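Here are the chains, one letter per residue:
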Amino acid sequence: MTAANTPLGADAVPAVPTAAPEPLDPSRAAGVDERAPAHHDLPIHEPTAAELAQAAARAADDLLAPATGAADDPAAPPARVRLGDVVPAPERVAPVPGADFVLTADAVIRVSPDEAARAVAGQLAALLRPATGYPLPVTHGARPEPAGDITLALAASDDLGPEGYRLDVTSDGVRIEATAPAGLFHGAQTLRQLLPAAIESPVPVAERWALPGGSITDRPRFPYRGAMLDVARHFFGVPDVLRVIDHLARYKLNHLHLHLTDDQGWRIAVDSWPRLTEVGGASEVGGGPGGHYSRDDYRRIVAYAAERHVTVVPEIDLPGHTNAALTAYGELAPDGVAPPPHTGTDVGFSYVDPTNERTYEFVADVLGEIAALTPGPWLHIGGDEAFKVRPDAYAAFVERTQRIVAGTGKTVVGWHQIAPVAHAEGRVLQWWGTKGEDPVTADAVQRGARLVLSPGNHAYLDMKYAPDTPIGHDWAGLIDVRRAYDWDPGTHLAGVPADAVLGVEAPLWTESVTSRAEVEFMLFPRLPAIAELGWSPRATHDWAGFRDRLAGHGPRWTAAGTAFHRSPEIPWPAERPAPTARHTAVPAQTGPEEAPAPAPSA
Ligand code: TNX
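Bear in mind the structure is a predicted one, so any value in this text is a computation, not a measurement.

Draft legend 1. Representation of the site of the ligand within the structure. As a matter of local geometry, the ligand sits amid 15 residues, with R233, Y460, D462, W475 and E511 nearest to it. Measuring from an oxygen atom of the ligand, one finds a side-chain N or O atom of R233 at 2.8 Å. At 3.3 Å from a nitrogen atom of the ligand is found a side-chain nitrogen or oxygen belonging to E385. Notes on the ligand: free accessible area 360 Å², of which the protein chains cover 100%. Taken together, the residues of the shell around the ligand sort by class into six nonpolar, four polar and five charged.

In structure tokens form, the structure reads like this:
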């Protein structure tokens, strides 16, 4: 087993680095040709999936182990969370020393009568009950507020915006105020991070549930903050996707982009073209059984995301990356012949015939069904790496497809390869290049496009952390935590002003990622870095501070059974021995809206 996936434990804590690691050789990233298909040829590391899964399982098991040593030693107090120890960094933090609040067994969560606010209160109670073992009933906000409680209140405010919140901690209680439920939800995530790491335990633990006193005023820098999961190269079932949504919500990310189709698999049921999933969904990279989401599966994902203020962005990749569709409907292939399934990792070889009218019936049917199932405003049409389609045919295809999307009432999103074609109202380009300039994309922005930034050499979470990372690619360079963190979406691309930047997204391609534990290993600890770039004001940007704040999340991931890479750049605290498990049952729920969120099962 390598250092990269050593199971977590006190004896596996790396030395704290005394200096920042050497910057990567910039030529690694700058010199790559992002259109070269060769970069996808990489070996698949099946054994690593098992190792990583074991690491995650062991991390969860550790919680149940009898406590020894420091946790029982009053001379070794737990590391205290400070008010500013939040990821992503809040806009304003004003600590008040001596105003700490301690959550106790008789606490109540009070909420304004609004139904969506009540839902957030129920979610907060569900987050806090397992580890505390407290009943935390949710009630209407009676005034005056009794001491000792958590209050969530919707209140008009000029400056918090649709996602901002204000959180006040005094020795008498905690109050979160926002103009909309999304703000209350983000405030609840902050509250969660201000409690000791053991709050992530799935079983009751003995702990002093203290929050540091003071006020936080917070709102996002960019409206679009996302991650992408490629469910086409390897299929991930609904429970895995729900778990990823939980990870996003924790770091105030509000978009989940699902890459639903590619050469290796078609993963979403389309009633009017049933063989897309029956035939096109039946395998994956490496030849495994693949899989797909039924319409109900997809509705469940979308609903679970919406409850967490996350918008699903479905992607149907066109006109290239379509081998799986062609295996099912050979009539769409340029030669009219269905190809065999593709279980390798090549790209750029497949396309639907842009000169065939039947192709546009297919596109309209598929996009129409997906749009009807999707409450969010976006429809992603891919557009990348259609190497075999001539530029004029490509432009005609994308322009017509953009019109089809507009006809569904959605706003079109595409990889930045669609930049040269005619503008469509509101369209969004997703930048995945590795250079800081691209005149064609800058020109599209001049013509009205907005950008989501996913620079391959900073935000691609399928890149390896270091040369010995057991899974992942390196065609866009190695991406350690510092490289994921140290760039500015507002100034990243020459000729693109900050106000044309809708936000950021961290894509996870899964050619080499085969399990939930491997997904988490690639997400953590880099996903929080991208989340901070999307949420936090630039003035808070500071690698040393980020590194220290992030370090405190290691014990949280351990407590939650989440796999992560123990990046040597981060000064992870020595893991406290597991807190004493209090073998008491979590109290019965007091009402249906207070029921814990359905935890995605393994
Ligand atoms: C490029 S980024 C791709 C994907 C691969 C990825 C691997 C983009 C739009 N296309 O097809 O999975 O590289 O890193």
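Draft legend 2. Looking closely at the nonpolar core. Judged by nonpolar contacts, the single largest core of 116 residues is most densely connected at L258, W266 and F362. It is helix α9 (residues 357-373) that provides the largest number of residues to this core, a total of eight residues. Apart from the residues within four sequence positions on either side, L258 is in contact with L229, V231, V241, Y298, I301, V312, V313, P314 and E315. Counting 40 residues, the second largest nonpolar core, distinct from the first, contains L83, V86, A131 and L136.

Draft legend 3. Region of the structure containing the packing of aromatic side chains. Taken as a whole and judged by the stated rule, the model has 20 aromatic pairs. For the pair F235 and Y293, a centre-to-centre distance of 4.8 Å together with 45° between the ring planes defines the contact as tilted. Placement of the pair is F235 in the loop between β10 (224-230) and α5 (238-250) and Y293 in the loop between α6 (275-278) and α7 (295-307), with a sequence separation of 58 residues. For the pair formed by F235 and Y293, the shared burial category is buried. Note on Y465 and F521: the rings are 5.9 Å apart at their centroids and 75° apart in plane angle, and the pair reads as edge-to-face. Placement of the pair is Y465 in the loop between α12 (456-459) and α13 (481-485) and F521 in helix α14 (residues 516-523), with a sequence separation of 56 residues. For the residue pair Y465 and F521, the accessibility class agrees, reading buried in each case. Aromatic rings pair up to connect Y251, F524, W557, F564 and W572 into one cluster. Above the ring of W535, the side-chain terminus of K252 is found at 5.7 Å from the ring centroid.

Rules used in this analysis
- Residues numbered from 1 in each chain as written.
- Predicted model: local features only at pLDDT ≥ 70, side-chain atom pairs only at ≥ 80, totals over all residues.
- Heavy atoms only, no water.
- Near = heavy atom within 4 Å.
- Polar contact = N/O pair within 3.5 Å; in protein donor to acceptor, adjacent residues only side chain to side chain.
- Areas by Shrake-Rupley, 256 points an atom, 1.4 Å probe, with all protein chains shown as cover.
- Nonpolar A, V, L, I, M, F, W, Y, C, P; charged D, E, K, R; others polar.
- Core = buried A, V, L, I, M, F, W, Y, C linked by side-chain atoms within 4.5 Å.
- Buried < 20%, exposed > 50% of the residue type's maximum accessible area, 1.4 Å probe, protein only.
- Helix = DSSP H or I, 4+ residues; strand = E, 2+ residues; numbered from the N terminus.
- Contact = heavy atoms within 4.5 Å.
- Phe/Tyr/Trp six-rings, centres within 6.5 Å; stacked < 30°, edge-to-face > 60°.
- Lys NZ or Arg CZ within 6 Å of the ring centre and 35° of its normal.

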